[in-house]
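Observations on chain architecture
For reference, the chains in residue letters:
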Amino acid sequence: MKQDLAKIDGLVGQAVGVYKIAAPEKTAPFLRDGLRATDELIAKVEASGLTAREKYDLLHELRVKRMQFNDAIVQALGISLRAQVTGKAETGPFARFSDGAETFVTAVPGQSFGVKTLVANGSKVKLVEKDVTLVSSSGQTYQMTPIATDGKDAPDVTIQNDAHENLFQVKLPEDAKVTRPPFTRPGIEQAYYDVADPAMRNASLPLPALTAWVTLDYDGVEVKLGQEVQTLHRVTGLGTVYEPLVVAPAISVAVSPSAGVVPLTEKTLMVTAKVKSNVKGAATGTVKLELPAGWTAAPETAEFSLGKDGDSVDVPFVVTPGKMAETAYTMTAVASYEGKEYREGYKTVGYAGLLPANLYRPATYRARGADVKVAPGLKVGYLPGTGDEVQASLENLGVHSTTLTMGDIAGGRLSGYDVVVLGVRAYAAHPGLAAANGQLLQYAKNGGVVIVQYNLGNFDYGPYSYSLGSAEKVVDEKAPVRLLVPESPVLSWPNRITERDFDGWVEERGHGFMETWDLQYVAPLETHDPGQDPQRGGLLVAKTGKGAYVYVALALYRELPEGVPGAYRLFANLLSLGKDAVAK
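Residues numbered from 1 in each chain as written. Predicted model: local features only at pLDDT ≥ 70, side-chain atom pairs only at ≥ 80, totals over all residues. Heavy atoms only, no water.

Assigned secondary structure in the chain consists of ten helices and 39 strands. Here the C-alpha radius of gyration of the chain, 32 Å, is well above what a compact globule of 584 residues would show, namely 25 Å. Here the C-alpha coordinates of the chain stretch approximately 90 × 55 × 55 Å along the principal axes. The 584 residues of the chain split such that 46% are buried. Taking contacts inside the chain between residues at least 6 apart in sequence as the whole, the part at least 24 apart equals 71%. When the accessible surface of the chain is totalled, it reaches about 28,800 Å², and 52% of it is carbon and sulfur. Each charge sign in the chain was given a centre, from 58 positive and 66 negative side chains, and these centres are 2 Å apart. (Helix = DSSP H or I, 4+ residues; strand = E, 2+ residues; numbered from the N terminus. Rg over C-alpha atoms; globule rule 2.2 N^0.38 Å. Buried < 20%, exposed > 50% of the residue type's maximum accessible area, 1.4 Å probe, protein only. Contact = heavy atoms within 4.5 Å. Areas by Shrake-Rupley, 256 points an atom, 1.4 Å probe, with all protein chains shown as cover. Lys, Arg positive; Asp, Glu negative; His and termini not counted. Charge placed at Lys NZ, Arg CZ, Asp CG, Glu CD.)

Okay, here's the thing in structure tokens:
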């Protein structure tokens, strides 16, 4: 065995010795012989009398070395493989220079489509294409006789300083595995992710839906190349964009937001199901809500009709609760299409330059009955911040807010609102907001209520001075909360806030607490992490002229989308501040 290893080492040395950057193919014969010698040694070890542990360790190292030889040959000979979904045939004088027509990005179980592979050999060395195989993420192999598109017989096509293209017709099985990340968690309350397959524990991305593998013969030695099957679409500015093919359900159904509260006094509530089609053509079906016992929805079942792949529609339902209590309720949207039911949806996430990923979650709305009241007839203007779901949560309180623009703020067009709310990190999201801050302060002096959610950095835009600390946050969501001024209007009307309203919070108490502030501000509550100094800057309230200014760093932006009742009760008080006779 030592002689075999010495032979392999010697071949590597010879390849290094003849390497020239202008002629890397000169190394190929030595790399080929090294790969052949490695294959022979692997076979010898497998047939040897070594212990199982010795075989395992040695074979692992040899197989790694085989892969290195394989990849080195690919590089030395300039071999490449392209595998992509086929689109419509392009015509015209420039068709020959095109990468191909645009294709779909998402396939669905049971779908048939074409895949083409292009193997290019940039060297004068003769290579024989022996086999082309497509492998799915579930391990299913599509091993069909390829249809040559260049007039050559297939397989066993010799490729020399040329390229060879094959065309496959693929039909995904009806139970094809959906492309999804290997990790999930039921909600942000769980601090870790569940991994369905232990083998994928360290994987950051799901396995590709389809991978093409080509086996080439190089003087009796097998060389393999693989590539994920790609899709193609064109983006203005970026040009041609390739993305791996993904498999998704024919119908995606989602409910957004996924959680909220139902006031005990509420007679009806609106739940909207978003239905999206991945079907290549028209898709018609139905969608309904599965409700708690005694609840009803109108319509009971709704029809949807989507014209093409990627189309979506919002389907509203008016839900009439049965007898309400301060407990949790669950509603699930269920879409039906061609005899199958769909109970989950996905959101595609990612940034330019990164591979997109589909994140799935059940089409479930988690509602909790809550004793929450809000001043009637409120007119709320909302300037969205970053990653902001607070505005959508206002609908749970029966508050239909208006989305503000920077033009509204800078132009002072705020007098028609009782409350103006700035979303999370609004001053960072809207660089011009600092310059227009005087309009907000004047609006408050004239009798309006300004509510500013948490910000970071050099921030001092209130009617009186305050300053953010460098680490003023409370990350323990169970940290005790003390009510320092329980009779403060923001803690007493229209909902009497108690320590119980801070039960069930998720992820944190808040972020961006103020460190110092003018005495004109009232800090009605305090909380802190274990071992931390008391933090009173999470909620500051000040009268200014005829109105009021509120800075709230408490994590309403996390709690409201998660349906935490106490957060809704507190926010309802902030929104109602201008209607409270005591506050005035």
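This part is about unusual backbone geometry. In this structure, Pro299 follows Ala298 across a cis peptide bond, with omega equal to 0°. Mapped onto the fold, Pro299 is located in the loop between strand S20 (296-298) and strand S21 (301-306). With omega at 0°, the peptide bond leading from Trp493 into Pro494 counts as cis. The topology assignment puts Pro494 in the loop between helix H8 (489-492) and strand S35 (510-511). Despite not being glycine, Asp219 shows a phi value in the positive range, around 50°. Following the sequence through the fold, Asp219 ends up in the loop between strand S11 (210-218) and strand S12 (221-228).

The subject of this paragraph is the packing of aromatic side chains. To describe a pair of aromatic rings, you give the distance between the ring centres and the angle between the ring planes. Counted by the stated rule, this structure contains 15 aromatic pairs. On the numbers, 5.9 Å between centres and 40° between planes, the contact of Phe459 with Tyr551 is tilted. Separated by 92 residues along the polypeptide, Phe459 in the loop between strand S31 (449-453) and strand S32 (466-468) and Tyr551 in strand S39 (residues 547-552) bring together distant segments of the chain. A single burial state applies to Phe459 and to Tyr551, both of which are buried. A ring pair is formed by Phe502 and Trp505, whose centres lie 5.3 Å apart and whose planes are at 35°; its orientation type is tilted. The pair Phe502 / Trp505 is uniform in exposure class, with both members buried. (Phe/Tyr/Trp six-rings, centres within 6.5 Å; stacked < 30°, edge-to-face > 60°.)

Right, let's talk about the nonpolar core for a bit. Judged by nonpolar contacts, the single largest core of 75 residues is most densely connected at Ile451, Tyr551, Phe571 and Leu575. Among the elements that line this core, the one with the most residues is helix H10 (residues 565-575), at seven residues. Discounting residues that sit within four places of it in the chain, Tyr551 has contacts with Val452, Gln453, Tyr454, Asn455, Phe459, Leu468, Gly512, Met514, Gly537, Gly538, Leu539 and Leu540. Residues Val115, Ile159, Leu225 and Val247 belong to the second largest nonpolar core, which totals 48 residues. (Core = buried A, V, L, I, M, F, W, Y, C linked by side-chain atoms within 4.5 Å.)

An order of S16-S18-S22-S20 is seen for the four strands of this open sheet, with the pairing classed as antiparallel. Here the strands that pair on one side only, and so sit at the sheet edges, are strand S16 (251-255) and S20. The mean inter-strand angle of the sheet, taken between neighbouring strand axes irrespective of direction, is 30°. Relative to strand S22 (residues 312-320), S20 is paired through three bridges, and the arrangement is antiparallel. The partner of Ala298 across the bridge, within S22, is Val318. (Pairing = 2+ DSSP bridges. Axes fitted to C-alpha atoms, helices over the stretch in contact; angles between N-to-C directions.)

On to the side chain of Glu559. Inspection of the secondary structure assignment puts Glu559 in helix H9 (residues 556-559). Notably, Glu559 is buried but unbridged: the nearest opposite-charge side chain belongs to Arg558, and the N-O separation is 6.2 Å. A polar side-chain atom of Glu559 sits 2.7 Å from the main-chain amide nitrogen of Val506. In contact with Glu559, other than residues within four places in its own chain, are Trp505, Val506, Glu508, Val564 and Ala567. (Salt bridge = Lys/Arg side-chain N within 4 Å of Asp/Glu carboxyl O. Polar contact = N/O pair within 3.5 Å; in protein donor to acceptor, adjacent residues only side chain to side chain.)

Orientation of helix H2 (residues 28-46) relative to helix H3 (residues 52-77), taken along the N-to-C sense of each, is 160°, at an axis distance of 9 Å. Looking at the two axes, H2 sits roughly antiparallel to H3. Here H2 runs over H3; the crossing is left-handed. For the contact of H2 with H3, the per-class residue count stands at 14 nonpolar, three polar and seven charged. (Parallel < 35°, antiparallel > 145°, perpendicular 65-115°, else oblique. Left-handed = near helix turned anticlockwise from the far one by under 90°. Nonpolar A, V, L, I, M, F, W, Y, C, P; charged D, E, K, R; others polar.)

With 17 residues, helix H1 (residues 2-18) extends 25 Å between its outermost C-alpha atoms, agreeing within 8% with the 24 Å of an ideal straight helix rising 1.5 Å per residue. Where H1 is concerned, the buried positions are Ile8, Leu11 and Ala15. Within H1, the buried residues cover an arc of 60° as seen down the axis, which keeps them to one side. When the buried face of H1 is taken as reference, the exposed residues oriented beyond 90 degrees from it are Lys2, Gln3, Asp9, Val16 and Gly17. In this fold, the buried residues of H1 make contact with H2 and H3. (Expected span 1.5 Å × (residues − 1). Arc of directions from axis to C-beta.)

Turning next to a nonpolar patch on the surface. Taken together, the side chains of Met1, Leu5 and Leu50 define a hydrophobic patch exposed on the protein surface, amounting to about 230 Å² of accessible area. Of the residues examined, Met1 reaches a relative accessible area of 42% and is grouped as partly exposed. (Patch = residues over 30% accessible without salt bridge, like charges linked within 9 Å, V, L, I, M, F, W, Y side chains within 5 Å.)

Moving on: the pairing of S11. For S11, the tally of buried residues reaches seven of nine residues, placing the bulk of the element in the interior. Pairing of strand S4 (residues 127-136) with S11 involves eight bridges; the strand directions are antiparallel. When the bridges of S11 are listed, Val132 appears paired with Val214. Connecting S11 to the antiparallel partner S12 that follows it, the hairpin turn spans two residues, and Asp219 within it adopts a positive phi of roughly 50°.

What follows concerns the packing of H1 against H2. The description of two helices packed together rests on the angle between their axes and the distance between the axes. Two numbers describe how H1 lies on H2: the axes approach to 9 Å, and their chain directions differ by 165°. Between H1 and H2, the angle falls in the class roughly antiparallel. Here H1 runs over H2; the crossing is left-handed. Along its contact with H1, which presents Asp4, Leu5, Lys7, Ile8, Leu11, Gln14, Ala15 and Val18, the element H2 presents Phe30, Leu31, Asp33, Gly34, Ala37, Thr38, Leu41 and Lys44.

A complete count under the given rule lists 24 salt bridges for this structure. Arg413 is paired through a salt bridge with Asp408; the nearest N and O atoms lie 3.4 Å apart. What you see here is one network of salt bridges that share partners, running through Arg32, Asp33, Arg36 and Asp219.

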